[in-house]
Amino acid sequence: MADLLSDDEIQRKLPKGWDREGDEITKTYEFDDYLKGIEFVTRVGEVAEEEFHHPEIRVGYKEVEVRLTSHEEGGITDKDIRLAGLFDDEV
Ligand SMILES: C[C@H](O)[C@H](O)[C@H]1CNC2=NC(N)=NC(=O)C2=N1
């Protein structure tokens, strides 16, 4: 089990463009068209499965919202920070 991060660690480690909301970190990605967002979701899902750490994903028109938390630990861990960076690499 990974350690829960402190408030200061979260703020320090949070990748640019990500926000902290309670026990989650979140980012909304914007796309030129709906299907580009859907294609992004597929890539995010593949990374999540490879890392066995899964986000919640909300698909809107030309936008995709991703939310990460470590369910087993009950908060935000380095796994969430790491996945955030990997998802950013998939844009
Ligand atoms: C049994 C447990 O669901 C698995 O170990 C994995 C699956 N994916 C997961 N994803 C996330 N975000 N948090 C978890 O604690 C988690 N656990």
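For the structure itself, look to the data block above.
For clarity, every value in this text was computed on a predicted model and none was experimentally measured.

J.: Describe the overall build of the chain, and please don't skip the residues or the numbers.
T.: Across its full length, the chain carries three helices and four strands. Going residue by residue from the N terminus, the α and β elements of the chain occur as α-β-β-α-β-β-α. Computed over its C-alpha atoms, the radius of gyration of the chain comes to 13 Å, within 12% of the 12 Å expected for a compact globule of 91 residues. Based on the C-alpha atoms only, the size of the chain along its principal axes is roughly 35 × 25 × 20 Å. Buried residues in the chain amount to 38% of all 91 residues. Taken as two groups, the 12 positive and 26 negative side-chain charges of the chain have centres that lie 4 Å from each other.

J.: Kindly report on the side chain of R67, identifying the contributing residues and their values.
T.: Within the secondary structure layout, R67 lies in strand β4 (residues 63-68). When its relative accessible area of 15% is taken as the criterion, R67 is described as buried. One polar contact links R67 to E21, side chain to side chain, over a distance of 2.5 Å. In this structure R67 touches E21, E24, I25, T26, P55 and E56, once residues within four positions along its chain are discounted.

Calculation criteria
Residues numbered from 1 in each chain as written. Predicted model: local features only at pLDDT ≥ 70, side-chain atom pairs only at ≥ 80, totals over all residues. Heavy atoms only, no water. Helix = DSSP H or I, 4+ residues; strand = E, 2+ residues; numbered from the N terminus. Rg over C-alpha atoms; globule rule 2.2 N^0.38 Å. Buried < 20%, exposed > 50% of the residue type's maximum accessible area, 1.4 Å probe, protein only. Lys, Arg positive; Asp, Glu negative; His and termini not counted. Charge placed at Lys NZ, Arg CZ, Asp CG, Glu CD. Polar contact = N/O pair within 3.5 Å; in protein donor to acceptor, adjacent residues only side chain to side chain. Contact = heavy atoms within 4.5 Å.

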